[in-house]
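# Fold and geometry: a report
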Amino acid sequence: MPAYDDDLPTDGEEVLLRRLTDNTEREERLRALIEFKNLILGSKRCKAAFFRVGTLDMLYNLLKEYSLPIDSDILIQIFDCISSFAKSTNKNLIQRLVELGFIEQILLVLVDDQQSKLFYKSALRCLRSFFLSKKFANPYLSPIPFILLCDQNKFEPKSSSIIVDKSPSSDKLSPVEILFSNSQSLAILHRLLSISKSTQISVLEILCCACVDNQRQQEIMGKDFIPMIMHLLIENIFYHKRIHLVTLANEYLIEVCLKFLCSISYENPSIAQQLYSTISSETNQSLCEIIASLLKKINRSMIISYYASKFFVNLCKTKVLSCDDPYVSHQSLASLIHLCAKSNQNQCIYLYVECLDTLIYLLNGNSSLHHTAIYTEQLLSQLFNYLFTPSKIFGENLDEAAIVQVRSSALTLLAVLSSHHEDIKKRIAEQENLITTAIECYRSSNVSLQIASLRLFHGLSRSVHQLRTTFNDTICDILLDAIKSSDLALVKIVSSVVSNSVLEFSICRTRLLSGGILDILLTFLTHSDQELSINSIWALRNLSYLSTLKIKQDILNGLTIERIYSLLEQCTDKQFLICLLSLLRNLFNEKDTEILLPMFNSTKLLSTLERLLKKNYPGEIHREVNLLIDHLHSSNHPTQKRLSADSANSSCRSSLFPEYDCDEMDQLDCS
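First things first, this report covers the structure right here in the doc. Model, not experiment: these values are computed from the prediction.

### Focus: the overall build of the protein chain
Assigned secondary structure in the protein chain consists of 39 helices and two strands. Per-residue burial over the protein chain gives 58% buried out of 671 residues. Long-range contacts, defined here as pairs at least 24 residues apart, represent 74% of the contacts in the protein chain between residues at least 6 apart. Surface exposure of the protein chain reaches about 28,400 Å², of which carbon and sulfur atoms provide 50%.

### So, the packing of aromatic side chains
Going through the model one piece at a time under the given rule, you end up with 13 aromatic pairs. Taken together, a centroid distance of 5.6 Å and an interplanar angle of 80 degrees make the contact between Phe119 and Tyr120 edge-to-face. By the burial criterion, Phe119 is buried, and Tyr120 matches it. Seen in terms of ring centroids, Tyr266 and Tyr361 are 5.7 Å apart; in terms of plane orientation they differ by 50 degrees. Their pairing is tilted. Pair noted here: Tyr266 is in the loop between helix H15 (248-265) and helix H16 (269-277) and Tyr361 is in helix H20 (residues 349-363), with a separation of 95 residues, a long-range link. Neither Tyr266 nor Tyr361 differs from the other in exposure class; each is buried. Ring-pair connections join several aromatic residues into one group, and the members of that group are Phe36, Phe50 and Phe85. Over the aromatic face of Tyr361 sits the side chain of Lys317, whose NZ or CZ is 5.2 Å from the ring centroid. Positioned above the aromatic ring of Tyr565 is the side chain of Lys604, whose terminal nitrogen or guanidinium carbon lies 4.2 Å from the ring centre.

### A look at helix H11 (residues 185-192)
Those residues of H11 that sit buried are Ser185, Leu186, Ile188, Leu189 and Leu192. An end-on view of H11 places all buried positions within 160 degrees of arc, on one side of the element.

### Observations concerning the pattern of salt bridges
Tallied over the entire structure, the rule returns 26 salt bridges. A salt bridge links Arg216 to Glu177, with the nearest nitrogen and oxygen atoms 3.0 Å apart. You can see Arg216 sitting in helix H13 (residues 214-221) and its partner Glu177 sitting in helix H10 (residues 175-181), a full 39 residues away along the chain. Exposure class is identical for Arg216 and Glu177. Each is buried. In this structure, the salt-bridge partner of Lys197 is Glu235, at a minimum N-O distance of 3.6 Å. Placement of the pair is Lys197 in helix H12 (residues 197-210) and Glu235 in helix H14 (residues 226-237), with a sequence separation of 38 residues.

### Observations concerning the nonpolar core
Counting 233 residues, the largest nonpolar core has Phe130 and Leu417 as its most contacted members. The contact partners of Leu417, leaving out residues within four places of it in the chain, are Leu363, His370, Ala373, Ile374, Leu379, Leu380, Leu383, Ile424 and Ile428.

### Focus: the packing of H13 against H16
As a packed pair, H13 and H16 sit with axes 10 Å apart at the nearest point and diverge in direction by 35 degrees. On the side of H13, the interface is formed by Gln217, Gln218 and Met221, while H16 contributes Ser270, Ile271, Gln274 and Leu275. Looking at the contact of H13 with H16, its residues break down into three nonpolar, four polar and no charged.

### Re the state of the cysteines
Following the criterion strictly, the structure yields zero disulfides and no others. In this model Cys340 remains outside any disulfide bridge; the closest cysteine sulfur is found in Cys355, 5.0 Å from its own. Exposure remark for Cys340: the relative accessible area of 1% places this residue in the buried category.

### Points about unusual backbone geometry
Put simply, Leu68 and Pro69 share a cis peptide bond, and its omega is -10 degrees. Backbone geometry places Glu267, a non-glycine residue, at a positive phi of 55 degrees. Residue classification places Glu267 among the buried positions, given a relative accessible area of 16%. Although it is not a glycine, Glu377 sits at a positive phi angle of roughly 70 degrees. By the element assignment, Glu377 lies in the loop between helix H21 (370-373) and helix H22 (378-388).

### Comments concerning the packing of helix H19 (residues 326-341) against H20
Interhelical geometry of H19 versus H20 gives an angle of 145 degrees and a closest axis separation of 9 Å. Crossing angle aside, the handedness with which H19 passes H20 is left-handed. Across the interface between the two elements, Val328, Leu333, Leu336, Ile337, Leu339 and Cys340 of H19 pack against Tyr352, Cys355, Leu356, Thr358, Leu359, Leu362 and Leu363 of H20. A breakdown of the residues in the contact of H19 with H20 according to their chemical character gives twelve nonpolar, one polar and no charged.

### Thoughts on the environment of Leu398
If you trace the backbone, Leu398 turns up in the loop between helix H23 (390-394) and helix H24 (400-417). Classification of Leu398 by relative accessible area gives buried; the value is 19%.

### Examining the environment of Thr372
Among the structural elements, Thr372 can be located in helix H21. A sequence separation of 38 residues divides Thr372 from Ala334, and the C-alpha atoms of the two residues are 8.9 Å apart. With residues up to four places along the chain from it excluded, the contact list for Thr372 reads Ser329 and Leu333.

Procedures and definitions
- Residues numbered from 1 in each chain as written.
- Predicted model: local features only at pLDDT ≥ 70, side-chain atom pairs only at ≥ 80, totals over all residues.
- Heavy atoms only, no water.
- Helix = DSSP H or I, 4+ residues; strand = E, 2+ residues; numbered from the N terminus.
- Buried < 20%, exposed > 50% of the residue type's maximum accessible area, 1.4 Å probe, protein only.
- Contact = heavy atoms within 4.5 Å.
- Areas by Shrake-Rupley, 256 points an atom, 1.4 Å probe, with all protein chains shown as cover.
- Phe/Tyr/Trp six-rings, centres within 6.5 Å; stacked < 30°, edge-to-face > 60°.
- Lys NZ or Arg CZ within 6 Å of the ring centre and 35° of its normal.
- Arc of directions from axis to C-beta.
- Salt bridge = Lys/Arg side-chain N within 4 Å of Asp/Glu carboxyl O.
- Core = buried A, V, L, I, M, F, W, Y, C linked by side-chain atoms within 4.5 Å.
- Axes fitted to C-alpha atoms, helices over the stretch in contact; angles between N-to-C directions.
- Nonpolar A, V, L, I, M, F, W, Y, C, P; charged D, E, K, R; others polar.
- Disulfide = S-S within 2.5 Å.
- Left-handed = near helix turned anticlockwise from the far one by under 90°.

Now the structure itself:
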């Protein structure tokens, strides 16, 4: 790609700029603006050159000059110019547009309700360009943070808030913050929804981008947009109360309406519940019934099917709908699988990536849907095709970045599907060339492929059978390499894999120990990242289970008795404390108690544990403390009958918490 950073306007372009600044005659300035607009549309060189000589400042001055009083013809041309600049990939240019105050000035002129439809269309299209800029990515349009979940993850309550990474410098100048800093903005957008189809599309796309967290979602919800959006859906879907094929223009509006409903309900249980309960006064149908009707047409556009499916996925993930609700298990899941397996030639690969990512979001933590998802083999077959031969599906000229995205999404979805049911794990692991391909993905230079391959190993590591068979020396070496990475995301995922791979029946255990995994885990205990710290204590807990006296002594020497007492007395993290208590119970195995317990001073240890019982801890911690106390008492009095921690679930060999199934060895799983 050519670089235009050093380009300056040509002589002819300099003349045009002087016509804009020096000539105050209205008609001449209007003609100059039109010429200027035609120059910059689609031209990276012109935008870069004009930016270098301060043209944005000149445009802003013109915008202010013709805003009071409003000269709609000139302002329309200025809006179009600004919109073109706002679509630039030059971050400095975009930042300068925001700093100058273009967004505030556009909102100011939109207060006037006496202008033409063309004026509002141009102004809103310009405003929308700021929100769709790649510089100001929003959580809804960004990949969903991935954590491999278990169905009943008691140790990891999910926050309902969308977490947005904001830096102090950019927070004040983001388009969303500017929008909400103006108390009239939402009212203006609400009023403009009734102007025309084009303004409706622009307003809804702006609102989609504004749903950056639960607070902003609630503010938008409070302005009563939903009834109007329901009306738009009904107006463009129904004819004499029957669904019919919509025109292309109406399809786009329906797509944006659905996208907004997905944006405002994402990770927001309160709004999801409100939408679920919403009934149309026009048709007496629920919003869910209206949206579900869009999934019944085979020849509906892929984008409409995608957003209609995603709406129900959002309601499922916020617990408004159960995963076995027909809206979810029959319609949404089936539609997403159908979209993933549709003929791909000449289609937008990014839509397929979005469908894969939405399936990941739905199926992660909802294992009861896994067998349904792979029932016909259609999905698995397509995932393997995406992973092994994406260019044969999408064409040889496919962009390398797109290939990486579709392969990493396919690999991650395979990781989710392999995370629970043993028969599915076996089916996936035994697919020819899968493990070899996953190893190759890790060895690639692309971080997203490396992370996806580790996720697959993480899913498979939840299986006793896979730990005994699939996890060979090559995978073990990958784990040792990844855990020493400088990339925290890689380290956190691989620490989850290691926490399972150090169990006594894993063929990886010996190689990991000889590779220095114990010292690495002990170092991570004090890491500033809480998830990595907890993964490490979890791994040590698993490593101590049925281990040799030598390994137990090495763990104690690394932790130190003093530090253990300090953690028991002062630790405030529930997850960490439960793992530490379970680790101690593993250390005091019958044959090793006589050697290890004197190192602690049994009287002091029992007193410390009894003090824990008096604290206001959750029931899980009290249970672990009681088990450990009973364990110590029975060691001192061998004839005393011990409360068996394993009696509740004797098959749960890989988990020391009896209420957990063996596929859920690692309740805390981090990306």
